[in-house]
Every structure is written in C-alpha cells, then in structure tokens.
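Each chain, letter by letter, is given below.
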Amino acid sequence: MDGLEAQIAQWRSFVGQNPALAVQEVDELEEHLREQIEDLTTSGLAEDEAFLVAIKRMGPVDDLAREFASEYSGRLWKQLTSAEDSVRKTGRGWLTAVWFALAAAITVELTLLVAGYPDDEASWLVRNAGLLVLPFLAGYFALTRGITVRNALFTLVPFTVAALAINLYPYEETLSDDFPLGGGSSTELLVAAHLPVLLWFVCGFAYLGGDLRTRESRMNFVRFTGEWFIYYVLLALGGGVLLGLTALILEPAGVDVERVIEWVLPAGAAGGVLVAAWLVESKQAVIENMAPVLTMVFTPLFAVMLVIAVVAYAATGIGAAFDRELLGAFDALLVVVLGLVLYSISARDPAAPPGWMDRVQSVAIVAALVLDAMVLGVMITRIGDLGFTPNRTAALGLNIVLFVNLAGSAWFSVRALPGSGTFHRLENWQIAY
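Conventions adopted
Residues numbered from 1 in each chain as written. Predicted model: local features only at pLDDT ≥ 70, side-chain atom pairs only at ≥ 80, totals over all residues. Heavy atoms only, no water. Helix = DSSP H or I, 4+ residues; strand = E, 2+ residues; numbered from the N terminus. Buried < 20%, exposed > 50% of the residue type's maximum accessible area, 1.4 Å probe, protein only. Contact = heavy atoms within 4.5 Å. Areas by Shrake-Rupley, 256 points an atom, 1.4 Å probe, with all protein chains shown as cover. Salt bridge = Lys/Arg side-chain N within 4 Å of Asp/Glu carboxyl O. Phe/Tyr/Trp six-rings, centres within 6.5 Å; stacked < 30°, edge-to-face > 60°. Core = buried A, V, L, I, M, F, W, Y, C linked by side-chain atoms within 4.5 Å. 1 Å grid on protein atoms, 1.4 Å probe; cavity = no way out; pocket = protein on both sides within 12 Å on 5 of 7 lines; lining within 4 Å. Points joined across faces, edges and corners; volume = space filled by probe spheres on them. Nonpolar A, V, L, I, M, F, W, Y, C, P; charged D, E, K, R; others polar. Axes fitted to C-alpha atoms, helices over the stretch in contact; angles between N-to-C directions. Parallel < 35°, antiparallel > 145°, perpendicular 65-115°, else oblique. Left-handed = near helix turned anticlockwise from the far one by under 90°. pLDDT = per-residue confidence, 0-100. Patch = residues over 30% accessible without salt bridge, like charges linked within 9 Å, V, L, I, M, F, W, Y side chains within 5 Å. Lys, Arg positive; Asp, Glu negative; His and termini not counted. Charge placed at Lys NZ, Arg CZ, Asp CG, Glu CD. Expected span 1.5 Å × (residues − 1). Bend = angle between axes of the 7 residues up to and from the residue.

(A) Quick peek at the overall build of the protein. Of regular secondary structure, the protein possesses 16 helices and 0 strands. For the protein, buried positions account for 43% of its 433 residues. Across the protein, every contact between residues at least 6 apart in sequence was considered, and the portion connecting residues at least 24 apart equals 75%. Per element, the accessible surface of the protein, about 22,300 Å² overall, is 68% carbon and sulfur.

(B) The pattern of salt bridges, seen in detail. Applying the stated criterion across every chain, the model contains 3 salt bridges. A salt bridge links Glu-30 to Arg-34, with the shortest nitrogen-to-oxygen separation between them at 3.1 Å. Remark: Arg-34 and Glu-30 occur in helix α2 (residues 23-42); sequence separation between them is 4 residues, near one turn of the helix. On the basis of relative accessible area, Glu-30 is assigned to the buried category, the value being 16%. Here Arg-34 falls in the partly exposed class, since its relative accessible area comes to 31%.

(C) A look at the packing of aromatic side chains. Enumeration over the complete set of coordinates arrives at 14 aromatic pairs. A ring pair is formed by Phe-141 and Phe-224, whose centres lie 5.4 Å apart and whose planes are at 80°; its orientation type is edge-to-face. Linking Phe-141 in helix α7 (residues 129-145) with Phe-224 in helix α10 (residues 215-250), this pair joins segments that are 83 residues apart in sequence. With respect to class, Phe-141 is no different from Phe-224; both count as buried. Their ring planes at 50° and their centres at 4.8 Å tell us that Trp-200 and Trp-228 sit as a pair that is tilted. Taken together, the residues span a long stretch of sequence, with Trp-200 in helix α9 (residues 186-207) and Trp-228 in helix α10 at a distance of 28 residues. Trp-228 shares its class with Trp-200; the two are buried.

(D) Local environment of the environment of Trp-99. Counting through the fold element by element, Trp-99 comes out in helix α5 (residues 83-115). Here Trp-99 falls in the exposed class, since its relative accessible area comes to 56%. C-alpha of Trp-99 to C-alpha of Phe-136: the two residues are 37 residues apart in sequence and 9.8 Å apart in space.

(E) Representation of the nonpolar core. Counting 41 residues, the largest nonpolar core has Leu-134, Leu-137, Phe-141, Phe-159, Phe-224, Trp-228 and Leu-274 as its most contacted members. Counting only elements with at least two residues in this core, the list comes to α5, α7, α8 (149-168), α9, α10 and α11 (257-282). Residues Leu-376, Ile-383, Ala-416 and Phe-423 belong to the second largest nonpolar core, which totals 37 residues.

(F) Molecular detail of the environment of Pro-353. Among the structural elements, Pro-353 can be located in the loop between α13 (324-347) and α14 (356-386). For Pro-353 and Pro-418, which are 65 residues apart along the polypeptide, the C-alpha to C-alpha distance reads 9.4 Å. Leave out the neighbours within four places in its chain, and Pro-353 touches Arg-348 and Asp-358.

(G) Spotlight on empty space enclosed by the protein. Applying the stated criterion across every chain yields a total of 3 cavities of 30 Å³ or more. Computed from the structure, the largest cavity encloses a volume of approximately 50 Å³. Lining the largest cavity we find Thr-299, Phe-302, Val-337, Leu-340, Val-341, Gln-361, Ala-364 and Ile-365. Counting residues per element, the ones that place at least two in the lining of the largest cavity are α12 (284-316), α13 and α14. In the lining of the largest cavity, the residues fall into 6 nonpolar, 2 polar and no charged.

(H) Spotlight on the packing of α7 against α11. Following both chains from N to C, one finds α7 and α11 inclined at 30°, their axes separated by 9 Å at the closest point. Relative to α11, the element α7 is oriented roughly parallel. With respect to the hand of their crossing, α7 and α11 are arranged in right-handed fashion. Facing Val-133, Leu-134, Phe-136, Leu-137, Tyr-140, Phe-141 and Arg-145 of α7, the residues of α11 in contact are Ala-270, Val-273, Leu-274, Ala-277, Trp-278 and Glu-281.

(I) Looking closely at the environment of Gln-361. By the element assignment, Gln-361 lies in helix α14. Discounting residues that sit within four places of it in the chain, Gln-361 has contacts with Thr-299, Leu-340, Val-341, Ser-344, Ser-413 and Leu-426.

(J) Up close: the confidence of the model for the protein. The share of residues in the protein with pLDDT of 70 or more is 77%, and the mean pLDDT across the chain is 78. By mean pLDDT, the top-scoring element of the protein is α7 (92), and the lowest-scoring one is helix α4 (residues 63-75) (51). Overall, residues 75-92 carries pLDDT values under 50, and its contacts beyond four positions in sequence, including any with other chains, amount to 28 contacts.

(K) Local environment of a negative patch on the surface. A cluster of acidic side chains, namely Glu-28, Glu-31, Glu-35, Glu-38 and Asp-39, defines a negative patch on the protein surface. Residue placement: Glu-28 occurs in helix α2. Taking the relative accessible area as the measure of exposure, Glu-28 reaches 55% and is therefore exposed.

(L) Geometry of the side chain of Asn-128. Along the polypeptide, Asn-128 turns up in the loop between α6 (123-127) and α7. With near-sequence residues (within four places) excluded, Asn-128 lies in contact with Ile-166 and Asn-167.

(M) Broad picture of α9. Taking 1.5 Å per residue as the helical rise, α9 with its 22 residues ought to reach 32 Å, and the 32 Å between its terminal C-alpha atoms agrees with that figure. Largest kink in α9: about 30°, centred on His-194, with the proline Pro-196 one to four residues after it. Phi turns positive one or two residues past the end of α9, at Gly-209, with a value near 65°.

Written out as structure tokens, the structure is:
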C-alpha cells in the first residue's frame, strides 16, 4: 500500500492548495476518495488504475482536483482511464487496422499504375504521397474512436481542400529532367515536405475523437507521434531486411527482383503507417518503457555534440560554409532536439525534483538555441542580400518556429533547475505551443 499512500498524499497536497477548501473539507474529500478506490479495487482494478479512475470521478467536486486528475493521467497513460476506453481500444482489434492498411496499400498501387510508375516518374506523385495514405489513418482513428458525423466531416474537409490546392496550383518548372523525380518544381518539393505535417495534425484531430480542449489529450497525441515513429522505423528496418533476403533468394531463379521491390516497397511503406499506429495502440505498456530509455541514452550524446558545434561555429564562423544541405541537416537536428524534449517531459513526473538528466537536457536546449540564433543571423543576412524565394521563406519560417520553441523551453527548463519553477510549466509550454 506504500505506493497508493504516496499517491493519495500527493493528491491531498495538490488539492490542499485551494484556499477555498478548509482542512476538514479536504479530509472529507480524502475519505470519499478512499471509498471510491476500495470499491474499484474490489471490482478487480489495480491500485493505480483505481486511483486514477477515482480522482477522475472526483473532478466535478473541485476544479483543482480535476486539474490534478488531468496531470496524473499523463503518468498512467499506458493504463486504463475508464472502462469505456478499454472497450473502445480492444473491441475493434487488429483486423480493423489490417483492412485500413490494405486499403492504403491498394490505393498507392493503383495510383502508381495510373502514373506509369516506375517507367514514367511523375513529380505529382511525390506531392500527393501524404494524401494517398494519411486519410486512411484518420479514418482508422475516426472508426475506433467512434467520433460524431460532424467531427468526421471536419476531418474530411482539410484533406479535400489540400487535394484541390496542391493539384490546382500552377507550379513553375524549375528543376531539370536530370533531377531524380524527373524534373518539376522546387515548390512541389516544399509541398511534399510540409503537407504530411499538416495532414498529421488532421489525423491528430481524429485520434483525439475531435476533442482538442484539454492539454492532456493533446499530450497523448504527442506521445503517440513519437512512439509511432519508433515503431515505423523498426518496421522499415525489418522490411528492408526482408526485401534484401527476398532479393538474394529470388535472383538465381531469374526473377526481376528490382522490379518486384519497386512495387512492393511503396505498398509496404503505406500499409506500415497503419500497422505502426495499431502497434502503438495495443502495446502502450511496452513502448512507454522504451521512451525514458531512449531519452537517457541520446540526450547526453546530443548535448555533447551541440556544445561542440556551438564552440566550433563560434570559433570558425558558419557564413562561408553555410548552404542548403547544411541547413537541411541543421533543421533535422533541431527537430530531433525538440523530440527529445517532448519525450523527456512525457516520461517524467512533472512534480518530481530536477535530476541530472534535466540538467543535461537544459544544456542541450540552450546549445541548440544558440546554434539556431547563429543560423538565423546568417539566413537573415543572405535574404537581405539575395531576396526572398519560396525555399528561403520556408527555411526562415521553420527556423523561427523552432527558435521560439527552444527559447521558451530554455526559459522554463533553466528556471525549474534551482527550484524557482516546476516542470509543469515546461510541459504546458510545449503542449500549448
């Protein structure tokens, strides 16, 4: 019972912050909470599950109690939040995900047939890649969450508008036929890179069942995104090994292995999006154990690398060597740092005191912020000399978005280290931003 008593003590401390509640009223609330927990454990729930359900039921009694319930549920994300959630997640099963994965794979294959792939490389395929797959992911979430017809229409509208906008826009041919995509427009590449990000947020709306009001629900989608990425990478690595072994086995038989891979790979990549989503949903207890491990392993390594980069750039300058390829690698690095921060705050207890990993993370955030400031200075100077282009505008916008995020993260992270702030504020900043 030690763990349960600690949880109740933490809840009591949180609720006791409300000046409108007298000590006797807090005692009555605690007694009621204990009765709820006892009833729930008697019915078969584990203590942690019973505590979470009980404080959820206590929410209407007091706004502060409801806030605690929201905060605490994040730490028990892998467990049941209610019987309704459990039924919803298990009732559909893996077969639903398989059907949606097959539908996505078939859609991709039919589109490739129409485009004459791989003999004719059409650049419009690249910009429409997200539209060929992500609607099925949104549909999977909409079905398993049982969202209303109104929210289903809200989910459908962005996909329709995006499909019309990116295919009716008059792209200017700026790439030669020697380009790997067979020519086309550099603006198409910008669309291909950014449209899936936009559509992923639409999928998030369906994932949350159309409920965007609570910070905790949005945090759950952040957790899902990171964990989905891990599973998708693992599936991709396994698929690569499978295709490689298949090529070795079929080559002596005279089969055109390259042509087979050209058709199997796009279908597998599309279906893997749905399979990875189902794996995250069904294996949350396992993947949540991976999140803190990955954070602990990579955060110190990235912190060291970022500090070295800051020192090297400060000593040598980056203006002369800074080009598009370096910018792409740099932006990828900043996104990874952002991902590490999100993973870290989703895995830790926001009320816990700062530890050594929090200090290392703060070093990584501050170093990334300094690097981004250097790069922004170079970008602004070059835009002043050479003017705006779609590429420069997109690059500048992305780095400003990342800079503001890192600035806020650095502020709240550093403030929390000496105890003048809490990591609740860092978490709230990330989710609100």
